[in-house]
Amino acid sequence: MSSVDVTPRSEITNKRGAYLIGYSKGFAKTCLAVHVAAQLTACALLWYHTNLSTVYAIPLGWIAGVLLADFASGMAHFHLDNYGFIDYVTAKMPGLPFIAQYVAHHDFPDLILSYDYWTTNSDGLYATCITMTLTSLACLFYDIHNGFSEWSAFMIFALSSLQMMFFMNSQTNQFHYWSHQLNPPIFVRWLQKAGILLTFEEHRRHHIDPKTCYCISSGILNPFLEKIGWWGFLNTVFTAIIGEDKIKQQSNAEFRVERVKQWERELGVVSATSLGSKKTQ
Ligand SMILES: [Zn+2]
Ligand SMILES: [Zn+2]
């Protein structure tokens, strides 16, 4: 069977790009502004409530936040790769273009490099502006209810870990984007070498074997989760629940080609294969 990717990259990009940009840039920028405001509120609360005896909880919380963000990115990625494509119709629904992005990513991995910052990160900015705002509001209400009384080290740890997790997840697709670049910016390469951001080599393992290495924030948890067989365990659970082994389907090349064609039909996109043979437009 011929490969689906027979069309020049730019043509595929143009045809699909219109669908993949599910949010306007203005909306994505608003989400980022709301997220930043919620982060600053959280910083102000931490500043107000932290003293010398509890300040240690903040760096511990940030470390936990990096790990939590990596785990959350892996769980979301696992779902979207293997289960999120079930309902192609959802890809057409406003607010859910990220499913379409994940559907396309394994068939057109480097398509991500044609997106700008706002397109790449729109879903992460959208999701985390809600979760970060709710977190800061919950802390504010807690404070008002308790008369701005002292916070325990655990409370400070909890807020700083959530703050870091939502920040990392707001940029996870950007970290993913950089892991596809052969020559990312120097400061990114430094962070990748330090193990804080996903590296090209680490993420390549997922594209070679899509049954593993789902974490795409820092990738720190990938070796551990692989060692304990986490993704296989999850798939066993889901297979038992829905009665189908979706990961097995994913590894079937013909199934993947059919999946792309069905996706194109649903979205009204000109088929990549017919584009390749007809050279339309
Ligand atoms: Zn994937
Ligand atoms: Zn990728």
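What you see is a predicted model, and the numbers here were worked out from it, not measured in a lab. (Residues numbered from 1 in each chain as written. Chains lettered and ligands numbered in written order. Predicted model: local features only at pLDDT ≥ 70, side-chain atom pairs only at ≥ 80, totals over all residues.)

Draft legend 1. Quick look at the overall build of the chain. Scanning the chain for helices and strands turns up 14 helices and zero strands. Overall, the chain shows an N-to-C arrangement of helices and strands of α-α-α-α-α-α-α-α-α-α-α-α-α-α. The burial tally for the chain puts 36% of its 281 residues in the buried class. Summarising the internal contacts of the chain: among those between residues at least 6 apart in sequence, 74% fall at separations of at least 24. (Helix = DSSP H or I, 4+ residues; strand = E, 2+ residues; numbered from the N terminus. Buried ≥ 20, exposed ≤ 12 C-beta atoms within 10 Å, placed from the backbone. Contact = placed C-beta atoms within 7 Å.)

Draft legend 2. Fine view of unusual backbone geometry. Even without a glycine there, the phi angle at phenylalanine 148 is positive, about 55 degrees. Positionally, phenylalanine 148 belongs in the loop between α5 (117-145) and α6 (153-170). Classification of phenylalanine 148 as partly exposed rests on a count of 13 C-beta atoms within 10 Å. Even without being glycine, cysteine 213 reaches a positive phi, approximately 55 degrees. Within the secondary structure, cysteine 213 sits in the loop between α9 (200-208) and α10 (222-227).

Draft legend 3. Spatial organisation of the packing of α5 against helix α7 (residues 172-180). At a closest axis distance of 7 Å, the pairing of α5 and α7 adopts a crossing angle of 145 degrees. Of α7, the residues touching α5 (which contributes Thr120, Asn121 and Gly124) are Thr172, Asn173, Gln174 and Tyr177. A breakdown of the residues in the contact of α5 with α7 according to their chemical character gives one nonpolar, six polar and no charged. (Axes fitted to C-alpha atoms, helices over the stretch in contact; angles between N-to-C directions. Nonpolar A, V, L, I, M, F, W, Y, C, P; charged D, E, K, R; others polar.)

Draft legend 4. Structural context of helix α2 (residues 25-49). Taking 1.5 Å of rise per residue, the 25 residues of α2 would be expected to cover 36 Å, and the 36 Å separating its terminal C-alpha atoms lies within 8% of that figure. Turning to α2, its buried residues number three or more, namely Ala28, Cys31, Leu32, His35, Ala38, Gln39, Ala42, Leu45 and Leu46. Check the buried side of α2 and you find it contacts α3 (57-82), α5 and α6. (Expected span 1.5 Å × (residues − 1).)

Draft legend 5. Broad picture of the packing of α3 against α6. Running from amino to carboxyl end, α3 crosses α6 at an angle of 40 degrees, the nearest separation of the two axes being 7 Å. In this view, α3 runs oblique relative to α6, as classed from their interaxial angle. In terms of crossing hand, the pair formed by α3 and α6 is right-handed. Between α3 and α6, the residues in contact are Ala57, Ile58, Leu60, Gly61, Trp62, Ala64, Gly65, Val66, Leu68, Ala69, Ala72 and Ser73 and Ala153, Ile156, Phe157, Ser160, Ser161, Leu162, Gln163, Met164, Met165, Met168 and Asn169, respectively. (Parallel < 35°, antiparallel > 145°, perpendicular 65-115°, else oblique. Left-handed = near helix turned anticlockwise from the far one by under 90°.)

Draft legend 6. Seen up close, the nonpolar core. If you look at the biggest cluster of nonpolar residues, it comprises 28 residues, and the most contacted ones within it are Ile156, Leu159 and Met165. Within the residue set of this core, elements represented by two or more residues are α2, α3, α5 and α6. With nine residues, the top contributor of residues to this core is α6. Setting aside its immediate chain neighbours within four residues, leucine 159 contacts Ala42, Leu45, Leu46 and Cys139. (Core = buried A, V, L, I, M, F, W, Y, C linked by C-beta atoms within 7 Å.)

Draft legend 7. Just the environment of glutamate 150, in detail. Residue position: glutamate 150 is located in the loop between α5 and α6. Distance in space between the C-alpha atoms of glutamate 150 and tyrosine 48 is 9.2 Å, their sequence separation being 102 residues.

Draft legend 8. Local environment of the confidence of the model for the chain. Predicted confidence across the chain gives a mean pLDDT of 79, with 73% of residues reaching 70 or more. For the chain, the element scoring lowest by mean pLDDT is helix α14 (residues 272-278), at 37; α6 scores highest, at 97. Note on residues 85-97: pLDDT under 50 across the span, and 24 contacts to partners over four residues away in sequence or across chains. Throughout residues 269-281 the model reports pLDDT below 50, and contacts reaching past four residues in sequence, or to other chains, amount to 22 contacts. (pLDDT = per-residue confidence, 0-100.)

Draft legend 9. Structural view of the environment of cysteine 31. Inspection of the secondary structure assignment puts cysteine 31 in helix α2. Considered as a pair, cysteine 31 and glycine 124 are 93 residues apart in the sequence and their alpha carbons are 9.4 Å apart. Cysteine 31 has contacts with Leu125, Tyr126 and Cys129, leaving out every residue within four places of it along the chain.

Draft legend 10. Broad picture of the environment of asparagine 169. Looking at the element boundaries, asparagine 169 is found in helix α6. Residue classification places asparagine 169 among the buried residues on the basis of 24 C-beta atoms within 10 Å. The sequence separation of asparagine 169 and glycine 124 amounts to 45 residues, and the corresponding C-alpha distance is 6.2 Å.

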